[in-house]
Amino acid sequence: MTTLIAAFALTFVVLIGLTLLLPRRRTVSRERFVPASAETIFELVASNRGYQAFNPYKDKDPELKIEMFGPESGVGSGFSFHGKDGKGTQTVASVVENESVTLQLDLGPMGRPVTTFTFEPKSGGTQVRWATTAQFGLNPLARVFGLFLDRFLGPDYDRGLQLLAAATTR
């Protein structure tokens with residue numbers, strides 16, 4: 001019996017140790033060409049109300065509750081959300097006019113990932129990159145979850161960029 005307990009404990013310690021070899025952070029990103037100016041896209045992304053025109057979670061969850069706060073646009077603009085995929089806040093943390101918007105998410109115990117939209121003008125439109133970086137620290141379960149982050153977020157970002165393109169061509 002003691003040998004079985006020792007073997008179980010050793011296996012547990014080895015598994016936890018192996019998870020610490022996984023990356024401490026992960027970045028998920030998607031890109032899409034949007035046939036609109038960087039200025040037009042910037043105005044939507046940097047605005048708490050404008051963001052809702054392409055929010056893939058709103059599209060995915062019609063019952064999603066959203067409450068705006070702060071200024072309409074720019075640093076401090078944001079919204080809280082509560083829906084089937086979770087709850088939290090998203091706040092514009094920094095902007096470089098017509099070039100990038102950085103958003104701070106607060107997902108409570110799920111973490112505080114940082115999302116950045118970058119806009120690169122191209123002929124006939126703008127190349128938009130949507131990237132989110134999550135930090136997992138020493139949390140072994142979060143590090144394992146990080147292995148699947150692209151699978152969870154990627155399709156939503158693809159849909160959001162599709163909605164962004166549609167919102168800018170109306």
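Owing to the predicted nature of the structure, the values given are computational and were not obtained by experimental measurement.

(A) Inspection of the pairing of strand β5 (residues 100–106) at higher detail. Counting buried positions over the 7 residues of β5 gives 5, a clear majority of the element. Pairing of strand β4 (residues 86–96) with β5 involves 7 bridges; the strand directions are antiparallel. Its bridge partner lying in β5, Val 95 is registered against Val 101. Count of turn residues in the β4/β5 antiparallel hairpin: 3 residues, of which Asn 98 carries a positive phi of about 65 degrees. Bridge analysis of β5 against strand β6 (residues 114–122) gives 5 bridges, and the strand direction is antiparallel. Note that in β6 the partner of Thr 102 across the bridge is Thr 116.

(B) Summary view of the sheet that holds strand β1 (residues 25–34). With antiparallel pairing, 7 strands are arranged side by side in an open sheet as β1-β7-β6-β5-β4-β3-β2. Single-partner strands in this sheet number two, and they are β1 and β2 (65–69). If you compare each strand with its neighbour and ignore which way they point, the axes differ by 20 degrees on average.

(C) Structural context of the pattern of salt bridges. Counted according to the given criterion, the structure contains 9 salt bridges. The network of salt bridges with common partners includes Arg 30, Asp 150 and Asp 158.

(D) Highlighting the nonpolar core. Ranked by internal contacts, the top residues of the largest apolar core, which has 33 residues, are Ile 41, Phe 54, Val 101, Phe 117, Phe 119, Val 128 and Leu 164. Elements that contribute at least two residues to this core include exactly β1, α2 (38–45), β3 (78–83), β5, β6, β7 (125–135) and α5 (149–168). With 8 residues, the single largest contributor to this core is α5. Filtering out sequence-adjacent residues up to four positions away, Leu 164 remains in contact with Val 34, Ile 41, Leu 44, Phe 54 and Val 128.

(E) Structural context of α5. The end-to-end C-alpha distance of α5, which contains 20 residues, comes to 28 Å, matching closely the 28 Å that a straight helix rising 1.5 Å per residue would cover. Along α5, the residues classified as buried are Leu 149, Leu 153, Gly 154, Asp 156, Tyr 157, Gly 160, Leu 161, Leu 163, Leu 164, Ala 165, Ala 167 and Thr 168. As for α5, its buried residues are in contact with β1, α2, α3 (56–60), β6, β7 and α4 (140–146).

(F) Geometry of the packing of aromatic side chains. By the definition in use, this model includes 11 aromatic pairs. Each ring, one from Phe 42 and one from Phe 119, has its centre 6.4 Å from the other, and the planes form 90 degrees; the classification is edge-to-face. Pair noted here: Phe 42 is in helix α2 and Phe 119 is in strand β6, with a separation of 77 residues, a long-range link. Looking at Phe 42, the relative accessible area reads 11%, which means it is buried. Given a relative accessible area of 6%, Phe 119 falls into the buried group. Considering the side-chain rings of Tyr 51 and Phe 54, the 4.6 Å spacing of their centres and the 55 degrees angle between planes classify their relative orientation as tilted. Across this residue pair, the class does not change: Tyr 51 and Phe 54 are buried. Among the aromatic side chains, those forming a connected cluster through ring pairs are Tyr 51, Phe 54, Phe 79, Phe 81, Phe 117, Trp 130 and Tyr 157.

(G) View of unusual backbone geometry. Despite not being glycine, Asn 98 has its phi angle at roughly 65 degrees, a positive value. By the secondary structure assignment, Asn 98 is in the loop between β4 and β5.

(H) Layout of the side chain of Gln 52. Mapped onto the elements of the fold, Gln 52 is located in the loop between α2 and α3. When its relative accessible area of 10% is taken as the criterion, Gln 52 is described as buried. Excluding residues that lie within four positions of it along the chain, Gln 52 makes contacts with Lys 58, Ile 66, Met 68 and Phe 79.

Parameters at a glance
Residues numbered from 1 in each chain as written. Predicted model: local features only at pLDDT ≥ 70, side-chain atom pairs only at ≥ 80, totals over all residues. Heavy atoms only, no water. Buried < 20%, exposed > 50% of the residue type's maximum accessible area, 1.4 Å probe, protein only. Helix = DSSP H or I, 4+ residues; strand = E, 2+ residues; numbered from the N terminus. Pairing = 2+ DSSP bridges. Axes fitted to C-alpha atoms, helices over the stretch in contact; angles between N-to-C directions. Salt bridge = Lys/Arg side-chain N within 4 Å of Asp/Glu carboxyl O. Core = buried A, V, L, I, M, F, W, Y, C linked by side-chain atoms within 4.5 Å. Contact = heavy atoms within 4.5 Å. Expected span 1.5 Å × (residues − 1). Phe/Tyr/Trp six-rings, centres within 6.5 Å; stacked < 30°, edge-to-face > 60°.

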